[in-house]
Amino acid sequence: MSRDFRLDRVPVDVLAYELAEEKATALGRMGRALEDALARLRAFDAAHPRSEATRQARRILVREAGHALWMLVVQREACGLRNSRMLMRDYNVPGEVQQCMAPLLATSSS
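Draft legend 1. Structural view of the overall build of the chain. Assigned secondary structure in the chain consists of five helices and zero strands. What you see in the chain, going N to C, is helices and strands ordered as α-α-α-α-α. Here the chain holds 110 residues, and the buried ones make up 24% of them. For the chain, long-range pairs separated by at least 24 residues make up 64% of all intrachain contacts whose partners lie at least 6 apart in sequence. Put simply, the chain shows about 7,900 Å² of open surface, and 55% of that area lies on carbon and sulfur atoms.

Draft legend 2. Summary view of the pattern of salt bridges. What the rule picks out here adds up to six salt bridges. For the salt bridge of R40 with E64, the shortest nitrogen-to-oxygen distance reads 3.9 Å. In this pair, R40 is assigned in helix α2 (residues 11–47) and E64 in helix α3 (residues 52–78), connecting sequence segments 24 residues apart. Take R40: its relative accessible area is 40%, and that puts it in the partly exposed class. Notably, a salt bridge pairs R55 with E52, separated by 3.3 Å at the nearest N-O pair. Of this pair, R55 and E52 both sit in helix α3, three residues apart, roughly one helical turn.

Draft legend 3. Quick peek at α3. Under the 1.5 Å per step criterion, the end-to-end length of α3 is 39 Å for 27 residues, consistent within 8% with the ideal 39 Å. Taken together, the buried positions of α3 are T54, R58, L61, V62, A65, G66, A68, L69, L72, V73, Q75 and R76. For α3, the secondary structure elements touched by its buried residues are α2, α4 (85–90) and α5 (95–99). Just downstream of α3 lies G80, where phi reads positive at about 95 degrees.

So, how was this worked out
- Residues numbered from 1 in each chain as written.
- Predicted model: local features only at pLDDT ≥ 70, side-chain atom pairs only at ≥ 80, totals over all residues.
- Heavy atoms only, no water.
- Helix = DSSP H or I, 4+ residues; strand = E, 2+ residues; numbered from the N terminus.
- Buried < 20%, exposed > 50% of the residue type's maximum accessible area, 1.4 Å probe, protein only.
- Contact = heavy atoms within 4.5 Å.
- Areas by Shrake-Rupley, 256 points an atom, 1.4 Å probe, with all protein chains shown as cover.
- Salt bridge = Lys/Arg side-chain N within 4 Å of Asp/Glu carboxyl O.
- Expected span 1.5 Å × (residues − 1).

Put into structure tokens, the structure is as follows:
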């Protein structure tokens, strides 16, 4: 943010600007995380035939992509963007990823 903007504005305007800037940054970060997760899943699918041996590894990638999708949808909703249909189309999100959209829950290894 430029120094001039801060000097000309009342503190609440500066705060509103910085909050909007942070929302946009977080939205971009979540979008890139989804793109990365979907790219890993697609690369895995291209490199490995579907078999029993690769099923668990693929399931983990689908779950990670579902989590990245959930994070982006939550961030979009926090920004007031409620309709996710375009998001699913623009990112070409597979149905199986949409179906497992959820937060990742920590699991104990005991």
